[in-house]
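Coordinates in review
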Amino acid sequence: AFLQIRRQWFSVCLHRIDGDFPIRSHVLVTGARYPLGVGAGGLAFLAALPDEQVEIALKSNREFIASRYPRLTASKIAALVAEARAKGYALNRGLVFPGSWGIAMVVRDSIGGLDLCLSLAAVESRLQPDRESLLADLLKSEVRRLEASQSELATADRSNADRKNANQAAIDVL
């Protein structure tokens, strides 16, 4: 499992946890940076953005993607973004590294921002249609849990700020 953050038109892996299956996909390591549209996480971020921002991201990264990931054409990425929007999650079927598949969803913050993404990667045989919906449901459950935690933190931050403002107002009155 991977936690990624969006930085402008790139995704950066912040954290990685390996599962216990003996064959692992080591294509994404902590600190790895990929243009949006590359990999499941980058596709999930693009799918969550408005069309205008998708176009800007692809234009900004066009040369980089074309030189390093020739199988990811603009039309292919557009089709994958449309698929991700329809499914509610992004799926990378070995387009970055053959045999390494991934599934991802963005984690929205308390005001709807989308700076985080949670993803899973597996060898091709472990992410076939018979397991895809199971993994998507598990991923969705974890994303919702993270979103709820972020919402609780934001509420606590607002409460602390309100108390601080009330305390300052009381001091000002004195």
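Note that the structure is a prediction, hence the values are computed from the model and not measured.

A word on unusual backbone geometry
One non-glycine residue, Gln-8, lies in the positive phi region at around 55°. With respect to the element layout, Gln-8 can be found in the loop between β1 (2-7) and β2 (10-16).

A word on the packing of aromatic side chains
All told, the structure shown has three aromatic pairs when counted by the stated rule. Look at Tyr-34 and Tyr-69: their rings are 6.3 Å apart centre to centre, the planes differ by 55°, and that puts the pair in the tilted class. Of this pair, Tyr-34 sits in strand β3 (residues 33-35) while Tyr-69 is found in the loop between α2 (51-68) and α3 (74-87), placing the two residues 35 residues apart along the sequence. Tyr-69 matches Tyr-34 in its accessibility class, with the two residues each being buried.

Examining the sheet that holds β3
Pairing is antiparallel across the open sheet formed by six strands, whose spatial order is β3-β2-β1-β6-β5-β4. Both outer strands of the open sheet, β3 and β4 (90-93), are each paired with one neighbouring strand and no more. Sheet twist, expressed as the average angle between the axes of neighbouring strands with direction ignored, equals 30°. Strand direction decides the pairing type here: β1 and strand β6 (residues 116-123), joined by four bridges, are antiparallel. The residue bridging Gln-4 from the neighbouring strand is Cys-117, located in β6. On the sheet, helix α1 (residues 39-48) packs against β1, β2, β4, β5 (100-107) and β6 and is oriented at approximately 35° with respect to β5.

The rules behind the values
Each chain carries its own residue numbering, running from 1 in the direction its sequence is written. The model is predicted, so local features are restricted to residues of pLDDT at least 70 and side-chain atom pairs to those at 80 or more, both for listing and for counting; the totals for chains, interfaces and linings are taken over all residues. Note that the side-chain values use all heavy atoms of the structure and ignore hydrogens as well as water. By definition, any uninterrupted DSSP run of H or I lasting at least four residues is a helix, any uninterrupted run of E lasting at least two residues is a strand, and each is numbered from the N terminus. Stacked, tilted and edge-to-face pairs are distinguished by plane angle, under 30 degrees for stacked and over 60 for edge-to-face with tilted covering the rest, among Phe, Tyr and Trp rings (Trp via its six-membered ring) whose centres lie within 6.5 Å. Partly exposed residues are those whose accessible area sits between 20% and 50% of the maximum for their type, while under 20% is buried and over 50% is exposed, using a 1.4 Å probe and protein chains only. Pairing between two strands requires that DSSP report at least two bridges joining them. Axis definition: a line fitted to C-alpha atoms, limited for helices to the stretch in contact. Angles are taken between N-to-C directions and run from 0 to 180 degrees. In what follows, residue pairs with any heavy atoms lying within 4.5 Å of each other are defined as contacts.

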